[in-house]
Amino acid sequence: MSGEPGEAMAHQAFDTILVLDFGSQYTHLITRRLRELNVFSEMLPCTQKLSELKFTPKGIILSGGPYSVYEEGSPHVDPAVFDLNVPILGICYGMQELAYRLNPDNVIAGTHREYGHASLKARSVDGHVDRLFDGIEDSMRVWMSHGDKLAALPEGFHTVATSDNSEYAAIGHESKHIYGLQFHPEVTHTENGTTLLKNFAVGICGCKQDWTMQKFLEEAIAQIRQKVGEKGQVLAAVSGGVDSTVAAALMKEAIGSRFWAVLVNNGVMRLNECEQVHRDLSEALGINLTVIDASKEFLDGLKGIDDPEKKRKFIGGKFIDIFEAEAEKIEAAAASDPAKAGKIGFFMQGTLYPDVIESLSFKGPSATIKTHHNVGGLPARMTNGQGLQLIEPLRSLYKDEVRALGRALGIREELVMRHPFPGPGIAVRILGEVSPEKVEMARQADHIFISEIRKAGLYNQISQAYAALDPSRAVGVMGDKRVYGYIIVLRAVTTTDYMTAEAFNFPWEFLQRVMNRIVNEVHGVCRVVYDVTSKPPGTIELE
Ligand code: GLN
């Protein structure tokens, strides 16, 4: 994976802790916690051949995992891990793996499983406190989740912490920097878990804590320049969302107007959004942006389609056609401009680290590790490496790091904190067939809802919010006249990972105010409802 086209190779510029993933649901938290400590960390599957690494990590962490090391077919680390001569920390399965490697008899199924809190004594039998526990009180609450245990101390190791149930809650090698923990320091339920990871990464591995977005920015610019060359040009589609805006601003910093951004107005964007994106990208950030108004083509094509999947397919397909036609024009212009005089050789995408992690996670001994496609149906020639080479400058970053990078690039706060907005836009926020009139109603209602949310200071407490249109007609009375009007569905959720979500708890007066404005200001609407469904069973979007 390292050195793949488009990767911003942060591990070449920053001290890196390599996390090898054995399939634990907490593995990504290890990289998260380290990065919060300003130590760069990258995750790879446990099957990674270490001789194929394109960098030398300062330390290696073996994650937890659902398997039992002694079972046939369970995953094992490349034995070369011990030859790299860098500190190693095994967490749960990772520790069991270290012990098993030295002697398969070292790991057995425990007589009772241990899930949840345990009280840890951080000192060895001889009363010595290991540097792994520096600055930590000698008794701490830790979080365990295991059924297997060490039957004996592996040769050359001593105990550095114990718990009531685990004689070997933490072990360390006598002379080498190899450690094992039975508990999970990466979860917030473990007290001082972050200090422990810091002791390992900074104290024992000697990592510099220089992973900041300011520093990343400098490195990323240098890497982009090197990759693209002096004349190389880069093309991208932008949406006005956080990721593509930050990526575009970064490209502009690196290569100026040799970066070409294209925004396609698909007719189902939010109120004034196209103009706003133009102001943000072109005027405020100086990005070389082309806006194509294809709203009529999209809206015409959406006529008669009421199936949400078909809507998505149509919008995605049309987008490709339009983008590709524009790309050809840009390519011709770029090639003939003597000031730029290079052909477009790269296609930029705002892929983030969670997508990369998702494709790298260890899925089981027999499962093939799936390759990631974040492309969403972009023309093959743009991403298959034959026509245009892929460049993904945000590939190492988590969402909040992208936001921090956006701030470092001077992007205004409101944009940096923007909620996600789906590609098919308002089209999937109108149940059933889309018409220009319905888009207008949904757009107006959405604008009122979001403006009121901002006015009430609630925007950053909410993860995603919108108004959708239900095309069934409800009866109402307006100005003494009986009317039939559409129903507006308000949706606002909070979530950390978008996998599960809860409806936001608005004050009643707030909902009343929004209802009042919508029925008064949006012609054709006579009811407003608030969707209180959680995810699951609901989804965040309505269709
Ligand atoms: N499956 C192993 C056990 O039950 C490891 C669990 C883990 O890594 N959390 O002990």
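Please read these numbers as outputs of a predicted model, since none were measured by experiment.

Quick notes on the confidence of the model for the protein chain
1) Next: Scored by pLDDT, the protein chain comes out at a mean of 90, with 93% of its residues at no less than 70.
2) Next: The model gives residues 1-7 a pLDDT under 50, and that stretch makes 21 contacts with residues more than four places away or in other chains.
3) Next: Interface predicted TM-score (ipTM) for the complex: 0.92; the corresponding pTM is 0.85.

Overview of the site of the ligand
1) Next: Lining the immediate environment of the ligand, one finds Gly-64, Gly-65, Pro-66, Tyr-67, Cys-92, Tyr-93, Gln-96, Ser-145, His-146, Gly-147, Asp-148 and His-184.
2) Next: Within the backbone of Asp-148, a nitrogen or oxygen atom sits 2.9 Å from an oxygen atom of the ligand.
3) Next: When the ligand sits alone it has 290 Å² of accessible area, and the protein chains cover 87% of it.
4) Next: Taken together, the elements giving at least two residues each to the shell around the ligand come down to helix 3 (93-102) and strand 6 (139-150).
5) Next: Considering each element in turn, the shell around the ligand owes the most residues, four residues, to strand 6.
6) Next: Classifying every residue of the shell around the ligand by side-chain character gives four nonpolar, seven polar and one charged.

Side note on the sheet that holds strand 4 (residues 88-91)
1) Next: The sheet built from nine strands is open, its strands ordered 2-1-3-4-9-8-7-5-6 with mixed pairing. Edge strands, defined here as strands with exactly one partner in the open sheet, are strand 2 (40-45) and strand 6. With direction set aside, neighbouring strand axes in the sheet form an average angle of 20 degrees.
2) Next: Judged from the four bridges that link them, strand 7 (residues 157-163) and strand 8 (residues 170-173) form a sheet pairing that is antiparallel. Bridge pairing in strand 8 links His-158 to Gly-172.
3) Next: In the packing of helix 3 onto the sheet, the strands contacted are strand 3 (59-62), strand 4, strand 5 (107-121), strand 6, strand 7, strand 8 and strand 9 (178-181), and the crossing angle to strand 4 comes to about 115 degrees.

So, helix 15 (residues 508-521)
1) Next: For helix 15, with 14 residues, the first-to-last C-alpha span of 20 Å sits near the 20 Å given by 1.5 Å per residue.
2) Next: Burial in helix 15 covers these residues: Phe-510, Leu-511, Val-514, Ile-518 and Val-519. Considered in projection along helix 15, the buried side chains sweep an arc of 150 degrees and stay on one side of the axis. Across from the buried face of helix 15, at angles greater than 90 degrees, the exposed residues are Trp-508, Glu-509 and Asn-520.
3) Next: Of the surrounding secondary structure, the elements contacted by the buried residues of helix 15 are helix 14 (436-455), strand 15 (464-478), strand 16 (481-494) and strand 18 (525-530).

Rules used in this analysis
Residues numbered from 1 in each chain as written. Predicted model: local features only at pLDDT ≥ 70, side-chain atom pairs only at ≥ 80, totals over all residues. Heavy atoms only, no water. pLDDT = per-residue confidence, 0-100. Contact = heavy atoms within 4.5 Å. Near = heavy atom within 4 Å. Polar contact = N/O pair within 3.5 Å; in protein donor to acceptor, adjacent residues only side chain to side chain. Areas by Shrake-Rupley, 256 points an atom, 1.4 Å probe, with all protein chains shown as cover. Helix = DSSP H or I, 4+ residues; strand = E, 2+ residues; numbered from the N terminus. Nonpolar A, V, L, I, M, F, W, Y, C, P; charged D, E, K, R; others polar. Pairing = 2+ DSSP bridges. Axes fitted to C-alpha atoms, helices over the stretch in contact; angles between N-to-C directions. Expected span 1.5 Å × (residues − 1). Buried < 20%, exposed > 50% of the residue type's maximum accessible area, 1.4 Å probe, protein only. Arc of directions from axis to C-beta.

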